[in-house]
Every structure is written in C-alpha cells, then in structure tokens.
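One-letter residues, chain by chain:
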Amino acid sequence: MNIIISDNLKELRKKKNNTQEDLADFLTVSSAAVSKWERGECYPDIEFLPKIASYYDISMDDLFGMGEIKKKERIDEYLTKDYEIFLQEDDRPEQRIKRVALWREAQKEFPNNHTVLMYLIYALNYPDCEPSDNYEEIVQIGERLIAESTDSDIRANAIYTLCNVCALKKDFESAKRYANMVTPYYRCKEIVYGRCLTGEERVEYSQKCIVSFIREIYRSFINDLSGTKYKSSSISGYEVVPMNEFALSLFQLLYPDGDFGDDEQEIAIICHVLTNQYSGENNDKALYYLDEMANHYVKFYTQGDFKHTSFMVNRLTYSSSVYNRSKDSIRKYIGQIIKIFEEADYLDAIKDDERYTVAMEKLKNLVK
C-alpha cells in the first residue's frame, strides 16, 4: 500500500502540474511530510486520505491504486463476453452487431481507455478481410490511439488496422502513410533486441525470431497474395499450388523432427488450400493433403507440452496452455471447416472416395 500511494501521489501531482508545497498548504502540513509520502518513507494519516482524494478529484480506490485493478477486472469481463459472442454466434454480420454493441457499452463506462477503444475498432472492422461500413469512425479512433497511447502494442495494432481498413477501402495513399509509420525489418525490435543478449538467452531469442519470420513469409507474402472476394489475387491460380507447397517445405525444414507445435494449425491451413487446388485436377494429391490437414488439426488440438528437438528450435518449449482448447472452441472452429467441406461442390470429385470419409471422420471425432 505504501508504494502504491507514493507512486500515485507523484503521478497525480505531475498531472495537476503543482508542487509538493501546494498539497502541503491545502492539507496544512509541512512540505517535508509530503516529500516523505512520495518517497514511500511513510504514508499519510488516515484523516488526510479523503482530503487528498478530494484535492485531486479522484476516488479513494484510485488513490490506493485499487481503481486500476477494478478497471482491469471489468475490462476482462468485457473480453470474456466478446469471446462468448464468438463461440455462440455463427452469423458474421450478427456477430459484428453484438460485438460492436458490447464495446460501445464498454466505451460508455471507460471512454478514454485505450484497450477498450482498440477492441471497439476490432469489432467495427470485423471481419478484417472485408471493407468496413464504419471506415470514418475506425480512422478517427485509430488516429486518436496513435496520438495518445504510449503502449507500443496498442499503437502497432492501431497502425496495422488503419493500414488494412484503408487498403480495403482502396485508399492506398492513406494505407501507405500508415505503413510507413512502421519500422522496417532491418531495424525492427526482433533484430535490434537480439543484439542486447548473450549466450543461451540470445540463442533462444533468435530461434523465436526465426519461427516468427517463417510464419510471416507464409502469412504476409504467400497467403495474402491469393486475394479474397474483396481483394483481387496478385497471383494466378496456377501459382497458388507451388507457393503454398513452398511454404509447407519451409515449415518442414524448420521442424525436420515433425515437432511442429504452434505451427500445426498453419500447416493444416496450407493443406486445406492444396486440397482445394488439387481437387478435380489430381485427386490423389487432393486426398493426400486432406488427410494431412486432418492429422495436423488433430495434433494441434490434442498435443501436450513438449520441448522441441529440431535443431533450429531446440531451445524452445511448446505449451498447449496458451490456446483455448475448450470443447466449445474446438466445435466452433472445426465445425466450420467440416461445414465448408460438406457444402463445397468443387470437392465433389473426391467425396465418394473412402479416403475422404476417413479424413473427415478424424475431424468429426474432434467435435464429439
């Protein structure tokens, strides 16, 4: 309690732009007493606490640091409700409506909280692969976060969101302006921070960076080239197969022992794309990749913790606890994949094959 009050007193005085003498005069105590409170050598007598809270126009909870704790707990409640909407609502437009309503409610309660504002623009921009009807509001909030937030993650996410929403709006000049706010690879944190480390700590950190770079090669430079119904493809259909097989080979080179860990899901997605591409053209390959997709999803959702053995990642440990593997979450995600396969007429060429049935049964076992 001592330290919390001392830190808060210093912070409150700076915000009000006053001196220790100002507070001392208000309380009719010596400035030396206020100085001791701020250094944490002692804390104010209980009779002064309501007066200090009144002087700074804050609650007693805020003075003791409890306001921030309660605020975080309340925001965590909103985050839990947001995830429940994701699990319970399959219709994307309806999901967006509910999520936006939720975060507007949070905004009324915490109008200046940057985390709340960030999740509001996430909701307004959902799904982020489609042009948003809330373009102007997203830009307004995003610009505010860039100007006000000192949290590097919030600023980075705001810039990323603004770049994406502008590109989908085909406002490419604004998108480029936001993109230019981001540090290039050769000066990014991953490169610079590694130079601050030595020994095993540096090796482990470098291995984490290598894994991240491989993922980004796939996500940003291969998967994104395929386009969406809102963004034209930058590559031909014939290029999709070799580029995704190239991405798959990168993951296989990174994990020659098959200890894919976090990337089981990424590989499953690649195999899904290759199944679609080969169906009707080379059905044996389509069925091979379908089975591989099912196997990787099963591993992703059932594997426990382990230490990697592949030489490029052998300082890293895989932890399953960072993922939500509740039955509801699995049913939601895998159920959507099963539905896509069952409704896809472009897969009719392989649906009568026994290998298709076996692979789909592996997926269905996950949702039982």
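Located above this text is the structure these notes cover.
The rules behind each value
Counting restarts for each chain, with residues numbered from 1 along the sequence as it is written. The model is predicted, so local features are restricted to residues of pLDDT at least 70 and side-chain atom pairs to those at 80 or more, both for listing and for counting; the totals for chains, interfaces and linings are taken over all residues. With hydrogens and water excluded, all non-hydrogen atoms of the structure serve as input to the side-chain values. Labels follow the DSSP assignment, with helices taken as runs of H or I lasting at least four residues and strands as runs of E lasting at least two, numbered in each case from the N terminus. Any two residues having at least one pair of non-hydrogen atoms within 4.5 Å are treated as being in contact. For the purposes of these results, a polar contact is taken to be a pair of N or O atoms within 3.5 Å, where, inside protein, one atom must be able to donate a hydrogen and its partner to accept one; residues adjacent in sequence count only when each atom of the pair is a side-chain atom. Every helix has an expected span of 1.5 Å times one less than the residues it contains. Each residue gets one of three labels from its accessible area relative to the maximum for its type: buried under 20%, exposed over 50%, partly exposed in between, using a 1.4 Å probe on protein chains only. Between N-to-C directions, angles cover 0 to 180 degrees, with each direction set by a line fitted to C-alpha atoms, over the stretch in contact for helices. Each angle gets one of four labels, with under 35 degrees taken as roughly parallel, over 145 as roughly antiparallel, 65 to 115 as roughly perpendicular, and the rest as oblique. Following the grouping adopted for this structure description, the nonpolar residues are Ala, Val, Leu, Ile, Met, Phe, Trp, Tyr, Cys and Pro, the charged ones are Asp, Glu, Lys and Arg, and the polar ones are all others, Gly among them. Pairing of aromatic side chains here covers Phe, Tyr and the six-membered ring of Trp, requires ring centres within 6.5 Å, and sorts the geometry by plane angle: under 30 degrees stacked, over 60 edge-to-face, intermediate tilted. Here, over-ring charges are defined by two tests on the NZ atom of lysine or the CZ atom of arginine: distance to the ring centre within 6 Å, and angle to the ring normal within 35 degrees.

Structurally, Tyr333 can be placed in helix H17 (residues 327-343). In this view, Tyr333 contacts Gln265, Ile269, Tyr297 and Tyr301; residues no more than four positions away in its chain are not counted. A polar atom in the side chain of Tyr333 sits 3.2 Å from the side chain of Tyr297.

The next subject is the side chain of Ser132. With respect to the element layout, Ser132 can be found in the loop between helix H8 (114-124) and helix H9 (135-148). A polar atom in the side chain of Ser132 sits 2.9 Å from the backbone nitrogen of Asn134. Beyond its immediate sequence surroundings of up to four residues, Ser132 is in contact with Leu124, Asn125, Ile138 and Val165.

Let us now look at unusual backbone geometry. Of note, the amide linkage connecting Tyr126 to Pro127 takes the cis form, showing an omega dihedral of -10 degrees. Topologically, Pro127 is positioned in the loop between H8 and H9. For Asn17, which is not glycine, the phi torsion reads 60 degrees and is therefore positive. Mapped onto the fold, Asn17 is located in the loop between helix H1 (2-16) and helix H2 (20-27). Even without a glycine there, the phi angle at Lys170 is positive, about 65 degrees. For Lys170, the location among the structural elements is in the loop between helix H10 (152-168) and helix H11 (172-179).

Our next topic: H10. Here H10 contains 17 residues, and its C-alpha end-to-end distance of 24 Å stays within 8% of the 24 Å for a straight helix at 1.5 Å per residue. Taken as a whole, H10 has its buried residues at Ile154, Ala158, Ile159, Thr161, Leu162, Val165, Cys166 and Leu168. Against the buried residues of H10 lie H8, H9 and H11. A side-chain oxygen of the first residue of H10 lies 2.8 Å from the backbone nitrogen of Asp153; this N-cap is Asp151. Once H10 ends, the next one or two residues include Lys170, with phi positive near 65 degrees.

Okay, the packing of helix H16 (residues 283-302) against H17 next. Contact geometry of H16 with H17 gives a least axis separation of 12 Å together with a crossing angle of 175 degrees. It follows from the interaxial angle that H16 and H17 lie roughly antiparallel. Along the contact surface, H16 presents Leu290, Met293, Tyr297 and Tyr301, while H17 presents Ile330, Tyr333, Ile334, Ile337 and Phe341. In terms of residue class, the contact of H16 with H17 is made up of nine nonpolar, no polar and no charged.

It is worth spelling out the packing of aromatic side chains at this point. According to the stated counting rule, one finds 15 aromatic pairs in the structure shown. Where Tyr278 meets Tyr289, the ring centres are 5.9 Å apart and the plane angle is 10 degrees; that geometry is what we call stacked. Here Tyr278, found in helix H15 (residues 264-278), pairs with Tyr289, found in helix H16; they are eleven residues apart in sequence, far enough to count as distant. Summarising the burial analysis for this pair, Tyr278 and Tyr289 share the class buried. Judged by relative accessible area, which is 9%, Tyr289 ranks as buried. For Lys16, the ring lying beneath its charged end belongs to Tyr55, and the centroid distance is 3.8 Å. Sitting above the plane of the Tyr78 ring, Lys81 keeps its charged end 5.7 Å from the centroid.

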